[in-house]
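Reading the structure
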Amino acid sequence: MKIIGDNTNKYCQAYFSYDSKKSGGFTCSHLRFGDEPIRSTYLVTTPNFVACHVQAYLHMYDVTRGLRKGGTFLLNTIWDGEELAKNLPNKVKRFFAENDITVYYINATKIAQEIGLGNRTNTILQSAFFRITEVIPVDLAVEQMKKFIVKSYGKKGQDVVDKNYAAVDRGGEYHKLDVDSAWASLADDAAVANNDPAFINNIVRPINAQDGDLLPVSAFVDITDGTWEQGTATYEKRGVAAFVPEWVEENCIQCNKCAYVCPHAAIRPFVLTPEEMAAAPFGEDATIPAIGKQFTGMRFIQSVDVLDCLGCSNCVDVCPGKKGNKALVMKPLETQLPVQAEWDYCVASVKSKQNLVDIKANVKNSQFATPLFEFSGACSGCGETPYVKLITQLFGNREIVANATGCSSIYSGSVPSTPYTTDENGHGPAWANSLFEDFCEFGMGMTLANDKLRARLDVEMRALLDCADCSDEIKALATQWLDEKDNAERSREIADAIIPLMEACGCPACKKVLELKHYLVKRSQWIIGGDGASYDIGFGGLDHVIASGKDVNILVLDTEVYSNTGGQASKATPIGAIAKFAASGKRIRKKDLGLIATTYGYVYVAQVAMGADQAQTLKAIREAEAYDGPSLIIAYAPCINHGIKAGMGKAQQEEVNAVACGYWHLWRYNPAAEMEGKNPFTLDSKEPNWDEFEGFLKGEVRYASVMKQYPAEAAELFAAAKANAQWRYNNYKRLAQQQWGVDPEVETLENK
């Protein structure tokens, strides 16, 4: 629209309607231009040109709605000629024939891959638009597009500019589809029956299909309090990835690292009993013998949900394989669609085997636990969501989350998509979102309310011990609960045993306890926010909450920038990085939030990077949750705002590189160790290879662009960044080497 407006006398208007998915989301651009002033104050409802950039949208949305007779339709598709005609929905083909639509198609996905743009097809399709419509002379359009590319991407380097130039030049590789007049008599394709809940069919699907504004108010009469059903994301099955992983079973060593790092929980290990194997729609040749005594006689499969995968390929990147041969390879989505039946069976019919292992013992075991955070709208390759997902696997059946506004709130709870879900027993995280200036206070409020209600429950449980109607078994369990109510595993076991007995008893004392039955199990309180919320706007609240001594767990998803609002600098942005409000590179060093928190002495603190040390991440999360007091975990999270030149498919490797060169450090501060006479500070990072530090910076656009725009300052800034990283590491080494501890025999009030 800027190109048309700047180079013609035409009037222009543009409005963009989009969902809140961070990756693979839906955007509809409503564009108007003409020779008369445009007074329209509404969306385009009768377009004469429609471009559909994702072929999956043909089945998900009414992409031809309102297209005028004799109009033009452009489709980005991997299909060609006869194959395209075969795969188009009958409804779409009939519309084309009935309305004399001119149809063009182009494989912009393939072109983008060949150029090196990954899945970025926008420039190719923009070029095709100008060539097809000829709204301005093609030569002028090409010239102006290339000027706009320099303006938009020049800061990212000549390589990015050249790739987009190539995209413009190849935008003419479209073809015309022959529309058969016989299509006008086609009947609609048969509707696919499902047994999905009414809430999904009546509310979620219409909203996802961009028809939410057609729903009557009465559709929401049962959810007037704002509560939303959990697990709705599992029904979306967007299928927006061009390439997805294929499991090569003979190369698999069953380490489960791929599932551990998957940002969308779209690849998981399943262990099948002989009975489950016999009922499977696939044979034993699709599986391998499960490793481990507890799995004797069972079969193992690493299954991929190809319709929910976003194709980042981090799973492939971390796969060690067998003898150097990867157990995962990326394949075109259409070749893997038959595998979806395998996934559907495993999810629906294969019972979780997490009860057979200690899921907190190691990385492999943790992935036998069902993720209770799945298929979020986060970016492909997101560095944040693997941490969120892991926490739900370890504690999700008793987890409650207070979430700051930001990326994590967008992908965690944007109507109608809710990735938080429940396990086979109906237990799962309870989630709510607050402003990022008070997210920690919001979480502490939950904790205080829970403590108050558990105190009431304690009173009612003691009264039950004197009840003449209650059985000895109920009283024995009540006594056990009073003794072990703060033990997570035992409180769950006791709750599961006592609730049915109290329901059967039905006496007044039991009824009072049952009114508070949701508080029988010790809750795991998590407070989740980004670095903007934690280091900046919400820091006062974070400090207040950790100072309270309350048993809360704070997870900081550190992208070192305000990711959700356009990439502004935060106090977590390191020196030398370019961000909004730090256009020439930030001049102030990064705030050490973790070390600040350790000064209290009673706060558990850890700094982690999953890709660099998967075991350390698991250990830190486990220790933090077990610690009876406030805990703070700062997790390094690569982000699209970093401009990783290797792509977000290397997000986990970027974490490896960050720690290896000394850019990020791994450490834990555990106050519980002090009471054992040990140093509470543990440095988990090895001595970095400082020679690789500048190379790491150059691998990200947020640093590399400093060199391009401000070459004189770049060397100085990069040297300062390295010096600061070395200063931090040496400080951590000093803390780790200190003789630290108290005499455990001396019980002072302070020690307690």
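Sequence order sets the numbering: in each chain, residues are counted from 1 along the sequence as written. In keeping with the predicted nature of the model, local features appear solely for residues at pLDDT of at least 70, side-chain atom pairs appear and are counted solely at 80 or more, and the whole-chain, interface and lining totals rest on all residues. Side-chain numbers here rest on the full set of heavy atoms in the structure, without hydrogens or water.

Let's shift gears to the packing of aromatic side chains. Any pair of Phe, Tyr and Trp rings, taking the six-membered ring for Trp, is counted once the centres come within 6.5 Å. Such a pair is stacked with planes under 30 degrees apart, edge-to-face with planes over 60 apart, and tilted for the rest. The final tally for this structure, using the stated rule, is 30 aromatic pairs. Ring plane angle 75° and centroid distance 4.9 Å describe the contact between Y57 and Y61, whose orientation is recorded as edge-to-face. Here the two residues Y57 and Y61 agree in accessibility, since each one is buried. Centroid distance F199 to W228: 5.0 Å. Interplanar angle 75°. Geometry classified as edge-to-face. Of this pair, F199 sits in helix α9 (residues 198-208) while W228 is found in the loop between α9 and β7 (243-247), placing the two residues 29 residues apart along the sequence. Residue exposure (1.4 Å probe, protein chains only): buried if accessible area is under 20% of the type maximum, exposed if over 50%, otherwise partly exposed. Counting from the N terminus, the helices are the DSSP runs of H or I reaching at least four residues and the strands are the DSSP runs of E reaching at least two.

Another point: the pattern of salt bridges. Here, a salt bridge means any side-chain nitrogen of Lys or Arg that lies within 4 Å of a carboxyl oxygen of Asp or Glu. Enumeration over the complete set of coordinates arrives at 39 salt bridges. Across the pair E484 and R490 runs a salt bridge whose closest N-O atoms are separated by 3.3 Å. Given a relative accessible area of 25%, E484 falls into the partly exposed group. Measuring nitrogen to oxygen at the nearest pair gives 2.7 Å for the salt bridge that ties E493 to R490.

Examined against the element boundaries, K93 turns out to sit in helix α4 (residues 90-98). On a C-alpha basis, the gap between K93 and S181 in space is 9.4 Å, while along the polypeptide they are 88 residues apart. We call two residues in contact whenever any of their non-hydrogen atoms come within 4.5 Å of each other. Apart from residues no more than four positions distant in its own chain, K93 is found in contact with A85, K86, L88, W183 and L186.

With that settled, consider the pairing of strand β14 (residues 524-530). Summarising burial for β14: six of the seven residues are buried, a large majority. At least two bridges found by DSSP between two strands are what make those strands a pair. Bridge analysis of strand β12 (residues 399-404) against β14 gives five bridges, and the strand direction is parallel. Across the sheet, the residue bridging to I400 is Q525, located in β14. Where β14 meets strand β15 (residues 553-558), five bridges bridge the pair, whose relative direction is parallel. If you follow I528 over to β15, its bridge partner there is L555.

Taken residue by residue, helix α29 (residues 701-709) has V701, R702, Y703, A704, S705 and V706 as its buried positions. Each element contacted by the buried residues of α29 is listed here: β17 (631-636), α28 (693-698) and α30 (711-737).

Further remarks concern the sheet that holds strand β8 (residues 267-272). Each strand in a sheet pairs with its neighbour through backbone hydrogen bonds, running either in the same direction (parallel) or in the opposite one (antiparallel). Pairing in this open sheet of three strands is antiparallel, and the strands run β8-β10-β9 from one edge to the other. For this open sheet the edge positions go to β8 and β9 (288-289), each flanked by a neighbour on one side alone. In this structure, β9 lies alongside strand β10 (residues 299-304), joined through two bridges in antiparallel fashion. By the bridge assignment, P289 is partnered in β10 with R299. Angular values range over 0 to 180 degrees, each being the angle between N-to-C directions of two axes fitted as lines to C-alpha atoms, with helices fitted over their stretch in contact. Each of β8 and β10 is contacted by helix α14 (residues 340-349), which is oriented at about 65° to β8, the strand it contacts most.

Moving on: empty space enclosed by the protein. Definitions used throughout: a 1 Å grid over protein atoms alone; a cavity as a set of points that fits a 1.4 Å probe which cannot get out; a pocket as an open set with protein on both sides within 12 Å along at least five of seven lines; a lining residue as one with an atom within 4 Å of a point. Grid points are joined across faces, edges and corners, and a volume is the space filled by probe spheres set on the points. Enumeration according to the criterion identifies five cavities of 30 Å³ or more in this entry. In terms of lining, the largest cavity is formed by 18 residues, of which the most central are P574, K590, Y663, N724 and R728. Tallying contributions element by element places α30 first for the lining of the largest cavity, with four residues. Polar here means any residue outside two lists: the nonpolar Ala, Val, Leu, Ile, Met, Phe, Trp, Tyr, Cys and Pro, and the charged Asp, Glu, Lys and Arg; Gly therefore counts as polar. A breakdown of the residues in the lining of the largest cavity according to their chemical character gives ten nonpolar, three polar and five charged. As for the second largest cavity, its lining consists of 17 residues, of which C262, P263, C309, C312 and C315 are closest to the centre. Per-class residue counts for the lining of the second largest cavity are eleven nonpolar, five polar and one charged.

Along the chain, Q652 turns up in helix α26 (residues 651-660). The class for Q652 is buried, based on a relative accessible area of 3%. Sequence-distant contacts of Q652, defined by excluding residues within four places in its chain, comprise V261, N314, V318, P386, M610 and G611.

Time to look at the side chain of E623. Here E623 shows up in helix α25 (residues 614-626). Among the polar contacts listed, one links the side chain of E623 to the side chain of Y604, at a separation of 2.5 Å. Beyond its immediate sequence surroundings of up to four residues, E623 is in contact with Y604, R668 and N670. Any N or O atom pair separated by 3.5 Å or less is treated as a polar contact, with the protein-specific requirement of one donor-capable and one acceptor-capable atom, and with residues adjacent in sequence counted only for side-chain atom pairs.

This next bit is on helix α20 (residues 488-505). For α20, built from 18 residues, the straight-helix expectation of 26 Å at 1.5 Å per residue is met to within 8% by its first-to-last C-alpha distance of 26 Å. Fitting one axis to the seven residues ending at a residue and another to the seven starting there, the bend at that residue is the angle between the two axes. Where α20 bends most, at I498, the angle is about 25°, and the proline P500 comes one to four residues later. Of the positions making up α20, those classed as buried are A488, S491, R492, I494, A495, I498, I499 and M502. Where the residues of α20 are buried, they touch α18 (439-464), α19 (472-484) and α21 (508-514). The N-terminus of α20 is capped by N487, whose side-chain oxygen sits 3.2 Å from the backbone nitrogen of E489. By definition here, a helix of n residues has an expected span of 1.5 Å times n minus one.

Turning to the state of the cysteines, a few remarks are in order. We call a pair of cysteine sulfur atoms a disulfide whenever their separation is within 2.5 Å. Across all of its chains, the model carries zero disulfides by this definition. Here C312 is not disulfide-linked; the sulfur of C315 is the nearest cysteine sulfur, at 6.2 Å.

Moving on, we come to the pairing of β10. Regular strands show a simple pattern: their side chains alternate between the two faces of the sheet. Among the six residues that make up β10, six are buried, leaving the element largely enclosed by the rest of the structure. The alternating pattern of β10 places R299, I301 and S303 and F300, Q302 and V304 on opposite faces, both of which are buried.

Glancing now at the packing of α19 against α20. Two numbers describe a pair of packed helices, the interaxial angle and the distance between the axes. Axis separation between α19 and α20 bottoms out at 10 Å; the angle between their running directions is 150°. In this view, α19 runs roughly antiparallel relative to α20, as classed from their interaxial angle. α19 and α20 meet at a crossing whose hand is left-handed. Residue-level inspection shows E473, I474, L477, A478, Q480, W481 and E484 of α19 in contact with α20, the latter providing R490, S491, I494, A497, I498, L501, M502 and C505. Its residues placed into classes, the contact of α19 with α20 shows ten nonpolar, two polar and three charged. Under this scheme an angle from 65 to 115 degrees is roughly perpendicular, one under 35 degrees roughly parallel, and one over 145 degrees roughly antiparallel; angles in between are oblique. Note: crossing handedness is left-handed where the near helix turns anticlockwise from the far helix by less than a right angle, and right-handed where it turns clockwise.

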